[in-house]
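An overview of the molecular structure
Listed below are the residues making up each chain.
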Amino acid sequence: MDLIYEYWFASITHVSERKKYLLREQLGTGKHIFYIEETKLRQQRFLNEADISMIRQAQKWTNLEERFEDLKRNSIRFIPHFSETFPKKLGEIPSPPYALYVKGELPKEDKKSVAIVGARRCTPYGEKYALEYGEKLARCGVHIISGLAKGIDGLGQRGALMGGGQTFSVLGCGVDNCYPKEHLGLYHDILEKGGGILSEFVPGTSPLPQNFPKRNRIISGLSDVVLVMEAREKSGSLITADMALEQGRDVYALPGPVDNSLSQGCNHLIRQGAGILLSPEMLLEELQISGGFEMLKTDKNKKVLETTENMVYSRLGLYPRNVSQLIEETSLSANEVMELLVSLELKGYIREVSKNYYVKLKE
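First, a word on what this report is: a plain description of the structure on this page. Worth saying up front: this structure is predicted, and the values here are computed from it rather than measured. (Residues numbered from 1 in each chain as written. Predicted model: local features only at pLDDT ≥ 70, side-chain atom pairs only at ≥ 80, totals over all residues. Heavy atoms only, no water.)

**Re the nonpolar core**
What counts is decided by this rule: Only buried residues count toward a nonpolar core. Its members are Ala, Val, Leu, Ile, Met, Phe, Trp, Tyr and Cys residues joined through side-chain atoms within 4.5 Å. Three labels apply to residues, based on accessible area from a 1.4 Å probe with only protein chains included: buried if under 20% of the type maximum, exposed if over 50%, partly exposed otherwise in between. Note on conventions: DSSP H or I runs of at least 4 residues are helices, E runs of at least 2 residues are strands, and numbering of each starts at the N terminus. Pairs of residues are marked as contacts when any of their non-hydrogen atoms sit within 4.5 Å.
Residues Trp 8, Leu 23, Ile 55 and Tyr 101 are the most contacted members of the largest nonpolar core, which totals 36 residues. Elements represented by at least two residues in this core include exactly α1 (3-10), α2 (17-27), α3 (30-34), α5 (49-58), α6 (64-73), β1 (76-80), β2 (99-104) and α10 (184-192). Sort the elements by how many residues they give to this core and α1 lands first, with six residues. Aside from chain neighbours lying at most four places away, what touches Trp 8 is Gly 30, Ile 33, Phe 34, Ile 55, Ala 58, Gln 59, Trp 61 and Leu 64. In this structure, Leu 100, Val 117, Ile 218 and Leu 238 belong to the second largest nonpolar core, which totals 28 residues.

Quick look at the structure:
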C-alpha cells in the first residue's frame, strides 16, 4: 500500500469525509486519486467545483514526502479508516473520521472504554467526582477517554493516571499541538503511562471552534459508555451525550443541586432517561466489571480517626467549608483546627481547593 498517497488524500481540507469515502470507493486507492486527470475527476457527480479545485491544488504539492517524513520524526502514526489498526468501534459510527493521527497508543479493543466529559469551569463537587471516577475505573482496567480540556475532561484523565491506568485524549487540533497549553504536563504523562493522543485533524491544525463538535463524536465513538459529570443546559458535553445516544452508547450523568447551573444539563439528561451516577462501584457492577472490585471496597475501610480529627472531618462535605466556619462549629482554637486539617489532608481524607477552603474526599 502506498500510504504516503493515503496521507495526502486524508490531508486535503474542505472535502468532506463522506465524499472522500465515495471517491476512494470509486477509484480504489489514494494513489489513483493523486494521479487522476481533471476530466475523470469531473465525472464524479458528487464532487462540486470547490471539491475539484481543492484536489487539483493538492496534486501540485511539491513537499509531500517531506510532510510524510515529518510524521515519523514526530512519532505520529497515520491510521486510515481501512487499516486493520483503525478502532473497530469508531469505524461503526455514523460519519466516522476518514483517518486518525496518533501519538502513543490506541485504546485496546478488548478493554472497556468510558468517556468522562463535562464543564471546563467545574465546581469542587464536579472536580471531586471526575477524579474519583477516573481513578477507580482506571484501577479496574477501564480505559478513560476524554478531550484534554480544562475542568472535568482533564481531571478525569488525571484521575485515570492516579489509578495506574491508561487514558486517551481526542483533540480538536493536530496531535502535535497540546491544547490547552496548561495541560502540557498531562499531555506528556498520558503518553508516558501508555495512553494516547488522537485527532482526525492533520498535524499543525490549530484548535478552531468548529473542530470541537467533530472531536466530540470521536470521544463518544471510542467509548462504550459516556459519563457527563457537570454541564450547563446548552454545552458541548450535551452535544457529546446526544452523539453518544445516536451511536448507541449508554449515557450516565452525575446528579446535582437543582439551583446549580452546572448541574442543570446533567439533571436534564437524567430526566430524559440517562443513567444516574451514584458511585464508581455501582457503575462497575452495571458494566459487569469485576477486576479489582474488591480493592475498591477497601476504600471504605479507612483508619479510625482521632476524636478531634473526626470532629473536623465530620463537618466537611462535597462543598468547600472555610476554616473560620470549622473553628466556630468545633469550638477548637485556630491552631488546633489548622493542625487537624493538615493531618487529614496528609492522610488523604480532605483537600484544600482554595485558600482556607476544604472539601471531603472520602466517605
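On we go from here.
**A look at the side chain of Thr 330**
Quick note on the threshold: Definition of a polar contact: a pair of N or O atoms within 3.5 Å, with one able to donate and the other able to accept a hydrogen when the atoms are protein atoms, and with sequence-neighbouring residues admitted only if both atoms are side-chain atoms.
Here Thr 330 lies in helix α17 (residues 323-330). Residue classification places Thr 330 among the buried positions, given a relative accessible area of 9%. One polar contact links the side chain of Thr 330 to the main-chain carbonyl oxygen of Leu 326, over a distance of 2.6 Å. Those residues in contact with Thr 330 that lie beyond four places of it in its chain are Met 311, Val 312, Arg 315 and Val 337.

**Re the pairing of β2**
Where a strand is regular, its side chains alternate between the two sheet faces. Quick reminder of the rule: A pair of strands is treated as paired once DSSP finds two or more bridges between them.
Across the six residues of β2, five count as buried, placing the element largely inside the fold. With four bridges joining them, β2 and strand β6 (residues 196-199) adopt antiparallel strand pairing. Looking at the pairing, Lys 103 lines up with Ile 197 of β6.

**Description of the pattern of salt bridges**
As a working rule, side chains carrying opposite charge can pair if their charged atoms are close by. For the record, the criterion: What counts as a salt bridge is simple: a side-chain nitrogen of Lys or Arg found within 4 Å of a carboxyl oxygen of Asp or Glu.
Going through the model one piece at a time under the given rule, you end up with 22 salt bridges. Put simply, Asp 2 and Lys 31 hold a salt bridge, and the shortest N to O gap is 3.5 Å. Residue Asp 2 is located in the segment before α1, and its partner Lys 31 is located in helix α3; the two are separated by 29 residues in the primary sequence. For Asp 2, a relative accessible area of 38% gives the class partly exposed. As a salt-bridge pair, Arg 73 and Asp 70 come within 2.3 Å of each other at their nearest N and O atoms. With Arg 73 and Asp 70 both in helix α6, this residue pair falls three residues apart, about one helical turn. Taking relative accessible area as the criterion, Arg 73 reaches 56% and is therefore assigned exposed. A residue is classified by how much of its surface remains accessible, and Asp 70, at 31% relative accessible area, is partly exposed. Via salt bridges that share partners, Glu 17, Glu 200, Lys 214 and Arg 217 belong to a single interconnected network.

It is worth stressing that arrangement in space is one thing and function is another; only the former is reported here.
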